[in-house]
Amino acid sequence: MACRIAPSFAAVVMGISCIATDASAAACMSKAKKDIIVILDVGHTDRDSGQISARGVKEYDLNIKLARRVLEELVNTGFVSSQMIVTSGSNTHASRVQRSKRANDLGADLFISVHHDGVKNETLMPWQYNGKTHRFLDKFEGFSLWVSQKNDKYEESLTFAKTLADRLMARGLKFTSHHDELTNTAKYGRVAPLLDRERGIYEASDQIAVLYESRMPALLLEAGMIVNRAEEEMLSSPAFRATVAKAVAEAVKRFCAVS
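Residues numbered from 1 in each chain as written. Predicted model: local features only at pLDDT ≥ 70, side-chain atom pairs only at ≥ 80, totals over all residues. Heavy atoms only, no water.

Caption draft 1: Looking closely at the overall build of the protein chain. Helix and strand content of the protein chain: 7 helices and 11 strands. Taken over 259 residues, the protein chain has a buried fraction of 56%. Long-range contacts, defined here as pairs at least 24 residues apart, represent 73% of the contacts in the protein chain between residues at least 6 apart. Roughly 10,900 Å² of accessible area belongs to the protein chain as shown, and the carbon and sulfur atoms make up 50% of that amount. (Helix = DSSP H or I, 4+ residues; strand = E, 2+ residues; numbered from the N terminus. Buried < 20%, exposed > 50% of the residue type's maximum accessible area, 1.4 Å probe, protein only. Contact = heavy atoms within 4.5 Å. Areas by Shrake-Rupley, 256 points an atom, 1.4 Å probe, with all protein chains shown as cover.)

The following block contains the structure:
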């Protein structure tokens, strides 16, 4: 099924209108698969691109490739109401609130913000790649999932996060302990309560507006550490994106109890 890009609010956010949905377990379980709306939020923007990888790739570029692949998998799996949100300009608090507002206005069932992880710049080390100096840190690897207790559907957000973590791990992926406030310090980046030590699920800080402003179950996926040289190669591969996409589609099916 082909997806068409449609303009959205203030010509700043664009959605791909082949929509798939997911809600709180209760809400989406009452819907047909084709009517479940899963929102895929592409983390960061074209001008405020997030982390820089060990080989100089912008996080935003990796985010949009992964979100597109997940969208494709959802649509092909029958969640044809799925939508992707892409934001241009600065990645401000106001722009993040706008992402949630769009999802709320669409009556979305599930919100997934797609990101790739890194560390504080001062902890990175120089290395040469293709004749240029880049910066890396191989200390950490793995995905993490983030939910907010301020989200109105917090328990359902946590349930979906557990479901997704299980599917990611079943496909051979590992989670990171990089952010665990009990074992690490803020030297490398944000630290937070690790809500589920068997699955790599963290409590998000209040600054992640897309998680607490969204009125549906919401989570943020950090797909892996792009400052880790070996993991960056994996994260950049079509095979990895397919693995994550299939895990997301499986998790949505299980969460919403549809076949």
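Caption draft 2: Inspection of the layout of surface pockets at higher detail. Estimated volume of the largest pocket: approximately 640 Å³. Taken together, 33 residues form the lining of the largest pocket, with His-44, His-115, Arg-190, Ile-208 and Glu-222 sitting closest to its centre. Of all the secondary-structure elements, those providing two or more residues to the lining of the largest pocket are strand S3 (38–45), helix H3 (93–106), strand S5 (110–117) and strand S11 (218–225). Of all the elements, S5 adds the most residues to the lining of the largest pocket, at 4 residues. Looking at side-chain class alone, the lining of the largest pocket contains 9 nonpolar, 14 polar and 10 charged residues. Lining of the second largest pocket is provided by Glu-141, Gly-142, Phe-143, Gly-172, Leu-173, Lys-174, Ala-223, Glu-231, Met-234 and Phe-240. In the lining of the second largest pocket, the residues fall into 5 nonpolar, 2 polar and 3 charged. (1 Å grid on protein atoms, 1.4 Å probe; cavity = no way out; pocket = protein on both sides within 12 Å on 5 of 7 lines; lining within 4 Å. Points joined across faces, edges and corners; volume = space filled by probe spheres on them. Nonpolar A, V, L, I, M, F, W, Y, C, P; charged D, E, K, R; others polar.)

Caption draft 3: Up close: the pairing of strand S6 (residues 125–129). Strand direction decides the pairing type here: S6 and strand S7 (residues 132–136), joined by 5 bridges, are antiparallel. Its bridge partner lying in S7, Met-125 is registered against Phe-136. (Pairing = 2+ DSSP bridges.)

Caption draft 4: Representation of the pattern of salt bridges in the model. The tally for this structure, following the rule as stated, stands at 16 salt bridges. Note that Glu-232 is salt-bridged to Arg-55, the shortest N-O span being 2.9 Å. Of this pair, Glu-232 sits in helix H6 (residues 229–235) while Arg-55 sits in the loop between S3 and helix H2 (59–77), placing them 177 residues apart in sequence. One exposure class covers both Glu-232 and Arg-55, and it is buried. Arg-229 serves as the salt-bridge partner of Asp-138, at 2.7 Å between the closest nitrogen and oxygen. In this pair, Asp-138 is assigned in the loop between S7 and strand S8 (144–147) and Arg-229 in helix H6, connecting sequence segments 91 residues apart. Residue class for Asp-138 comes out partly exposed when judged on its relative accessible area of 32%. Using a relative accessible area of 25% as the deciding quantity, one classes Arg-229 as partly exposed. Salt bridges sharing partners connect three or more residues here, namely Arg-69, Glu-72, Glu-73 and Lys-246. (Salt bridge = Lys/Arg side-chain N within 4 Å of Asp/Glu carboxyl O.)

Caption draft 5: Representation of the packing of aromatic side chains within the structure. Going through the model one piece at a time under the given rule, you end up with 6 aromatic pairs. Each ring, one from Phe-140 and one from Tyr-188, has its centre 5.1 Å from the other, and the planes form 75°; the classification is edge-to-face. Of this pair, Phe-140 sits in the loop between S7 and S8 while Tyr-188 sits in the loop between helix H4 (154–170) and strand S9 (194–196), placing them 48 residues apart in sequence. Tyr-188 sits in the buried class, given a relative accessible area of 15%. Between Trp-146 and Tyr-202, the ring centres sit 4.9 Å apart and the planes meet at 20°, which makes this aromatic pair stacked. Residue Trp-146 is located in strand S8, and its partner Tyr-202 is located in strand S10 (residues 201–203); the two are separated by 56 residues in the primary sequence. Ring-pair connections join several aromatic residues into one group, and the members of that group are Trp-127, Tyr-129 and Phe-136. Across from the ring centre of Phe-79, 5.4 Å away, lies the NZ or CZ of Lys-33, which sits over that ring. Here the guanidinium or amino end of Arg-190 rests over the ring plane of Trp-146, the centre of that ring lying 4.1 Å away. (Phe/Tyr/Trp six-rings, centres within 6.5 Å; stacked < 30°, edge-to-face > 60°. Lys NZ or Arg CZ within 6 Å of the ring centre and 35° of its normal.)

Caption draft 6: Structural detail: unusual backbone geometry. Positive phi is not limited to glycine here, since His-44 has a value of about 70°. Structurally, His-44 is set in strand S3. Judged by relative accessible area, which is 16%, His-44 ranks as buried. Of note, Ala-257 is a non-glycine position whose phi angle comes to about 55°, a positive value. Residue position: Ala-257 is located in the segment after helix H7 (238–256). A residue is classified by how much of its surface remains accessible, and Ala-257, at 53% relative accessible area, is exposed.

Caption draft 7: Focus on the pairing of S5. A large share of S5 lies buried, amounting to 8 of its 8 residues. Of the two faces of S5, the one carrying Leu-110, Ile-112, Val-114 and His-116 and the one carrying Phe-111, Ser-113, His-115 and Asp-117 are both buried. As judged from the 5 bridges shared by S3 and S5, these two strands associate in the parallel manner. Of the residues in S5, the one forming a bridge with Val-38 is Leu-110. Here S5 runs beside S11; their pairing, made up of 6 bridges, is parallel. If you follow Asp-117 over to S11, its bridge partner there is Met-225.

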